[in-house]
Amino acid sequence: MVASEPVVLDPFAQATVAVENVHVRYKVPSTDAAERKRRSNPLARAARTVFGNDPKVVVRALSGISFVARSGEQIGLVGQNGSGKSTLLRIIAGLENPAKGRVLAESTPVLIGVNAALVPDLSGEQNIRLGCLAMGLNPEQAEAAVPEVKELAGLGKSIYLPMKTYSSGMGARLRFAIATASNPHILLIDEALATGDAAFKERSEARMQGLRRSAGTVFLVSHAAQTIEETCTRAIWLNHGRLVLDGPAEDVALRYRKWAWAVAKDKPDEARAIIERAFSEREQTHVQVEDPVRPRLYTARHVRPSMAARRNQKSE
Ligand SMILES: Nc1ncnc2c1ncn2[C@@H]1O[C@H](COP(=O)(O)OP(=O)(O)OP(=O)(O)O)[C@@H](O)[C@H]1O
């Protein structure tokens, strides 16, 4: 009997984004008096008193984040305030460089609200054209996208008014509609859906489903575990910049909700136990992207005739 071959599943099949051991640190001034005392020698302390500079502390926004996103996945990022969700989106969008590690994407990721260079003095309609051009559409494509973006934003006559007159929710709706107009393969959304009303939520969810069908990858940051459960296929839970759990959206959202409940009810031991259990059960993803090895090209001056060829030359 012939032993059957082990089946090797390719975890990178249809990969759209690979995040490889990403670390992000910020060096920021701190007014903490204890920090001031602990960190400085008398000379530095005297200099700070004179020049008024606060000592710098390092904030570790992300520590060793690794995962691979694939086509058709809608990935929710959950975690408490300051856990690193927005930082991760900015790193994927290429707006910041990690201190260590790297991100590879198969096409340009579009981050809602930042990539679209909108101008407050222009009307919503003019901003649609501008935003579409900024995302790489040509003038004809931008013009053709206007009606659909207007309809998705659903701002009525306000679309003809300057954007500076919009409420934050109206601005968010327009940004969402513009960002999805270019049919990005990789779409990054930071709480955009939370700002819309019920009708807009329905339309934007339908639009996101359309994007998923067209084999894109959507990242969605939300504090609401329910939003993640309802709209995502997979979820990543971040805590203090570390990846706690990465798995099916329902499973991750359920555990995150239990943890948030324990925190809210002031049960730190229970909350810690939930995090530790999640850490211990987590399957560590090790991402290592192999750079293609370029064949070395030798110029003619490096090509030396073989010994035999040289002997033949001499004997002739
Ligand atoms: N530009 C920056 N300079 C210094 N520190 C920063 C900067 N941006 C983020 N941080 C810090 O990095 C950590 C992660 O912040 P981030 O905004 O990614 O968290 P978040 O999970 O998106 O939070 P929230 O849910 O409140 O939006 C925080 O401690 C924050 O203070």
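Residues numbered from 1 in each chain as written. Predicted model: local features only at pLDDT ≥ 70, side-chain atom pairs only at ≥ 80, totals over all residues. Heavy atoms only, no water.

The next thing to look at is the overall build of the protein. Within the protein, the regular secondary structure consists of 11 helices and 9 strands. Of all 316 residues assigned to the protein, the portion counted as buried reaches 38%. Pairs at least 24 apart in sequence give 71% of the contacts found in the protein among residues at least 6 apart. When the accessible surface of the protein is totalled, it reaches about 18,700 Å², and 53% of it is carbon and sulfur. (Helix = DSSP H or I, 4+ residues; strand = E, 2+ residues; numbered from the N terminus. Buried < 20%, exposed > 50% of the residue type's maximum accessible area, 1.4 Å probe, protein only. Contact = heavy atoms within 4.5 Å. Areas by Shrake-Rupley, 256 points an atom, 1.4 Å probe, with all protein chains shown as cover.)

On the basis of which strands lie adjacent, the open sheet formed by 3 strands has the order S2-S1-S4 and antiparallel pairing. With one partner strand each, in any of the chains shown, strand S2 (56–70) and strand S4 (100–105) form the two edges of the open sheet. Within the sheet, the average angular offset between the axes of one strand and its neighbour, ignoring direction, is 20°. For strand S1 (residues 15–29) and S2, the ladder comprises 11 bridges, and the chain directions are antiparallel. Counted as the bridge partner of Arg25 is Arg60 from S2. (Pairing = 2+ DSSP bridges. Axes fitted to C-alpha atoms, helices over the stretch in contact; angles between N-to-C directions.)

Moving on, we get to helix H4 (residues 124–134). Think of an α-helix as turning once every 3.6 residues; residues three or four places apart then point the same way. Those residues of H4 that sit buried are Gly124, Glu125, Asn127, Ile128, Gly131 and Cys132. Summarising the axial view, the buried residues of H4 lie within an arc of 155°, below the 170-degree limit, and thus occupy one face. Its buried side turned inward, H4 meets helix H5 (139–153) and helix H6 (168–181). A positive backbone phi angle near 105° is found at Gly136, which sits one or two residues after H4. (Arc of directions from axis to C-beta.)

Here the protein averages 82 in pLDDT, and 78% of its residues register 70 or above. Considering only residues more than four positions removed or in separate chains, one finds that residues 298–303, a stretch of pLDDT under 50, has 0 contacts. (pLDDT = per-residue confidence, 0-100.)

For the rest of this paragraph, the subject is the packing of aromatic side chains. Enumeration according to the criterion identifies 4 aromatic pairs in this entry. Plain terms: the ring middles of Trp237 and Tyr256 are 5.5 Å apart, the flat faces sit at 75° to each other, and that makes the pair edge-to-face. Here Trp237 is found in strand S8 (residues 234–239), whereas its partner Tyr256 is found in helix H9 (residues 249–264), with 19 residues between them in sequence. Summarising the burial analysis for this pair, Trp237 and Tyr256 share the class buried. (Phe/Tyr/Trp six-rings, centres within 6.5 Å; stacked < 30°, edge-to-face > 60°.)

For strand S6 (residues 186–190), the tally of buried residues reaches 4 of 5 residues, placing the bulk of the element in the interior. Note that strand S5 (residues 110–111) and S6 share 2 bridges and pair parallel. Bridge pairing in S6 links Leu111 to Leu188. Across 5 bridges, S6 lies against strand S7 (residues 217–221) in parallel orientation. Paired with Ile186 across the two strands is Thr217, which belongs to S7.

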